[in-house]
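Structural description and commentary
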Amino acid sequence: MPNKPLLLLDDSELADVVGPPAFRVRQVRRWLYEAAETDPREMTDLPASVRERLAGIGVGSLRTVDTRIGDGGQTVKWLHDASGEVVETVLMRYPDRATVCVSSQAGCAMGCPFCATGQGGFGRQLEAGEIVEQVLVAARHLGERVGNVVFMGMGEPLANYAAVVDAIRRLHDHCGIGARRITVSTIGIPDRIRSLSRDVPPLTLAWSLHAPDDALRDELVPPNRRWPIREVVAALGDWRAAGGRRITIEYTLVAGVNDAPGLAPEVAAIARTLEAHVNCIAMNPTGNPRYVPSPPETVRDFVDALREAGANATLRRNRGADIDAACGQLARSRPAK
Ligand code: SAH
Ligand code: SF4
């Protein structure tokens, strides 16, 4: 009997557990993913002997240690204990859909100074099953399937490539989440962007740009020293040429650092080259005094300047700031007891 819970097993491991006939694997997956069932004894279309065996293994590996509700019930943040590491997941409900923001790593090694996750350092890679389980916890809370999944929680998804690709395939194949409703947000790792277009169905890619020149981006996104803007732009161009969907450029506005209207034409030029859409967001505070949010009028002026320079630009609304669940506010902290 494996000592891993069901959600962490691949198909052949699961087949060993449930035995023949072969369709049992699919049946168990359907229970786990569509019904988000946590007790194998409830999987009543399986023989009792198989149910007992499954019950002895357990379904998931995340243990929820805290649930916070914000935005009048429209945003939920979970803190899960993943074998000793804290992993955060955020559910955002909108009138017509629900989006789950998942973590791909416990912590992050990239060190962006305006991001709470980056300041907390790296814990460990998450397994595919641990990523998928975050979506299942949210689906159980909702009482229905999740509409969209965004890899915008803790961690750099392309730095945990194999597990993220596996999780995307499972979400797509087993949970019925269409590729176009999955978004991977990345600082931009060129060879991984190129392989992603081959390894998964056509999902949405969001590139965290935050500065239009290398000197400034070296400060805001330190891995830029290794993968400078022009190399990421080339990889994103290949992604588009390979049939990839329209790219989103993310631009977090930090007061006095990257919010001068004079930078907007340079950002717009990059966006035009890639036929990308620019999503601006005012930075969420994380406690670092050097990096604070741009005032609302500066943010609006920047978006206007982008549009004047010919970019397709929008302003993203902040969600979850009242429960520290907004972008960049996810830290490896334990909940206060
Ligand atoms: N590591 C990936 C995905 C997780 S971060 C990435 O960086 O793209 C998701 C988004 O939140 C990124 O665009 C990131 O730059 C942004 N972000 C980080 N800290 C933030 C903060 N304090 N305020 C607003 N956005 C932030
Ligand atoms: Fe990591 Fe993304 Fe935060 Fe940078 S912004 S430290 S890449 S999670």
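Before going into details, it helps to say that this report is about the structure given with it. What you see is a predicted model, and the numbers here were worked out from it, not measured in a lab. Starting from 1, residues in each chain are numbered consecutively following that chain's sequence as written. All chains are assigned letters beginning at A, and all ligands numbers beginning at 1, according to the order in which they are written. Restriction of local features to residues with pLDDT of at least 70 applies here, the model being predicted, together with a cutoff of 80 or more for giving and counting side-chain atom pairs; totals for whole chains, interfaces and linings are based on all residues. Based on all heavy atoms of the structure, the side-chain values leave hydrogens and waters out of the count.

What follows is about the site of ligand 1. By nearness alone, 19 residues border ligand 1, and F114, S185, S208, H210 and N284 come closest of all. Within the side chain of S208, an N or O atom sits 2.6 Å from an oxygen atom of ligand 1. Across the shell around ligand 1, the residue classes break down as seven nonpolar, ten polar and two charged. One heavy atom suffices: a residue is near a molecule or strand as soon as one of its heavy atoms comes within 4 Å of it. Throughout this description, a polar contact denotes any pair of N or O atoms lying within 3.5 Å of each other; where both atoms belong to protein, one of them has to be capable of donating a hydrogen while the other can accept it, and for residues adjacent in sequence the pair is counted only when both atoms sit in side chains. Residue classes follow a fixed rule: Ala, Val, Leu, Ile, Met, Phe, Trp, Tyr, Cys and Pro count as nonpolar, while Asp, Glu, Lys and Arg count as charged, and any other residue, Gly among them, counts as polar.

Two numbers describe how helix α6 (residues 161–173) lies on helix α7 (residues 190–199): the axes approach to 11 Å, and their chain directions differ by 30 degrees. As judged from the angle between their axes, α6 and α7 are roughly parallel. The crossing of α6 and α7 is right-handed. Residues Y161, V165 and R169 of α6 form the contact with α7, whose participating residues are R192, S195, L196 and D199. For helices, the axis comes from a line fit to the C-alpha atoms of the stretch in contact; other axes are also lines fit to C-alpha atoms, and the angle between any two N-to-C directions lies between 0 and 180 degrees. Here a strand is any run of E in DSSP of at least two residues, a helix any run of H or I of at least four, and the numbering for each starts at the N terminus. Note on terminology: angles under 35 degrees are roughly parallel, angles over 145 are roughly antiparallel, angles of 65 to 115 are roughly perpendicular, and the others are oblique. Crossing chirality is assigned from the near helix's rotation relative to the far helix, an anticlockwise turn below a right angle marking it left-handed and a clockwise turn marking it right-handed. Throughout, a residue-residue contact means that at least one pair of heavy atoms, one from each residue, lies within 4.5 Å.

In this analysis, strands are considered paired if DSSP registers two or more bridges between them. Taken together, the ten strands give an open sheet; going across it, the order is β1-β2-β3-β4-β7-β8-β9-β10-β11-β12, and neighbouring strands pair in mixed fashion. A strand with exactly one partner marks an edge of an open sheet, and here the two such strands are β1 (62–70) and β12 (312–315). Each strand axis lies, on average, 20 degrees off the axis of its neighbour in the sheet, ignoring direction. Pairing between strand β2 (residues 75–82) and strand β3 (residues 85–94): eight bridges, direction antiparallel. Residue pairing across strands places L79 opposite E88, the latter belonging to β3. Sitting on the sheet, helix α10 (residues 264–274) is in contact with β9 (204–208), β10 (248–253) and β11 (277–282), with an inclination near 165 degrees to β10.

Turning to the site of ligand 2, a few remarks are in order. Taken together, C108, M110, G111, C112, C115, G118, G155 and I187 make up the full set of residues near ligand 2. Split by residue class, the shell around ligand 2 holds five nonpolar, three polar and no charged.

On the secondary structure map, D259 appears in the loop between β10 and α10. One buried charge, D259, has no salt-bridge partner; the nearest side chain with opposite charge is R290, at 11 Å. Here the side chain of D259 touches G256 through a polar contact of 3.1 Å, landing on its backbone nitrogen. In terms of polar contacts, D259 uses its side chain to reach the side chain of S294, at 2.9 Å. Residues in contact with D259, not counting those within four places in the same chain, are L253, V254, S294, T298 and F302. Throughout this description, buried means an accessible area under 20% of the type-specific maximum (1.4 Å probe, protein chains only), exposed means over 50%, and partly exposed covers the range between. The sign given to each residue is positive for Lys and Arg and negative for Asp and Glu; His and the chain ends receive no count. Salt bridge, as used here, is a side-chain nitrogen of Lys or Arg placed within 4 Å of a carboxyl oxygen of Asp or Glu.

Scope: geometric values only; no functional claims are made or implied.
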